[in-house]
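# Inside the fold
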Amino acid sequence: MAITGIPTAALTMVARKQAGTRMGELPQWCAMKLLPVLALLEAVGTLALMSYALLYEAGNLVNLPDKRIGFYNFCLWNGTAGELQCLDTEHLRAMGISPLQLGLARVCVYICLVFVLFYLPFVLNVNYTFKGQGEGWKMIRIILFIKMIILSGGLGMFLLQTSHWIHPSDFTGGFLALLGTHALLLLQILTVTVYLSWAKHTHMCQNHLTEQALPTKI
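Note that residues are indexed from 1 along each chain, following the sequence as it is written. The predicted origin of the model limits local features to residues at a pLDDT of at least 70 and limits the giving and counting of side-chain atom pairs to 80 or more, whereas totals for whole chains, interfaces and linings rest on all residues. Side-chain measures were taken over the full set of non-hydrogen atoms in the model, leaving aside hydrogen atoms and water.

### Some details on unusual backbone geometry
Look at Ala58: it is not a glycine, yet its phi comes out positive at around 55°. Here a strand is any run of E in DSSP of at least two residues, a helix any run of H or I of at least four, and the numbering for each starts at the N terminus. Take Ala58: it is sitting in the loop between α1 (8-56) and β1 (60-64).

Next comes the structure, spelled out in structure tokens:
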């Protein structure tokens, strides 16, 4: 049955607008569903890498048969005794290494691990409470920047104190895991930034559609 009183061109225009709206809903759905899941998976990967470096490897960034250097150990090969000799505070000072800075580096890195442990449930809570909104995700981005600064500061202090005793080829799995942690933190910051950009764009579009839907005063 034909609809009278409505031009065919107007009906065609409305149909096209509805089709465009449905096509636009797909990337919005992907952003709303996939980006938070991606951020959560990246957080799980960060926890796994930090747990490996700081717990499984016991904080050792160099773990070789003739050398073991980490946040808790500084052991060099003793050719006379034919074994690794772990140096105490006095020996470290004599070698020009500051035990205080090593201690600060250890605190920074392990505090970052604590942040990561509490970060996962926080992300889950934000994803459930602020779904499709940006308030909680702004806090997540701030936390990610804080973790990045703390981890970079701790690792930088450690390398500054021990660089004379470590060759780049000496680094083992613990150090590579911390490098992977840095990469994942940067990827999380990028993911959250994209999500916030999408949330802002969606909010502006919703406001625009709301204004268009309001009746026009004559």
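### Remarks on the packing of aromatic side chains
Two aromatic rings, drawn from Phe, Tyr or Trp (for Trp, its six-membered ring), form a pair once their centres lie within 6.5 Å of each other, and the interplanar angle then sorts them: stacked below 30 degrees, edge-to-face above 60, tilted otherwise. For the structure shown, the criterion picks out five aromatic pairs. An angle of 70° between the planes, with centres 5.5 Å apart, marks the rings of Tyr72 and Tyr110 as edge-to-face. One end of the pair, Tyr72, is in the loop between β2 (67-70) and β3 (74-78); the other, Tyr110, is in helix α3 (residues 99-129), and 38 residues separate them in sequence. Summarising the aromatic geometry, the rings of Trp137 and Tyr195 are spaced 4.8 Å apart at their centres and angled 45° between planes, so their arrangement reads as tilted. Of this pair, Trp137 sits in helix α4 (residues 135-162) while Tyr195 sits in helix α5 (residues 173-213), and the two are 58 residues apart along the sequence. For the pair Trp137 and Tyr195, one class covers both residues: buried. Under the scheme applied here, a residue whose accessible area is under 20% of the maximum for its type counts as buried, over 50% as exposed, and between as partly exposed, the area being computed with a 1.4 Å probe on protein chains only.

### Regarding a nonpolar patch on the surface
Residues forming no salt bridge and having over 30% relative accessible area are the ones grouped into patches, like charges within 9 Å of each other and nonpolar side chains (Val, Leu, Ile, Met, Phe, Trp, Tyr) within 5 Å. Under the convention used here, a 1.4 Å probe and the Shrake-Rupley method define accessible areas, while residue burial counts only the protein chains that appear. Basic side-chain nitrogens of Lys or Arg form a salt bridge, by our definition, when they fall within 4 Å of a carboxyl oxygen of Asp or Glu. Taken together, the side chains of Val107, Ile111, Phe115, Met139, Ile142 and Ile146 define a hydrophobic patch exposed on the protein surface, amounting to about 480 Å² of accessible area. Relative to the helices and strands, Ile146 resides in helix α4.

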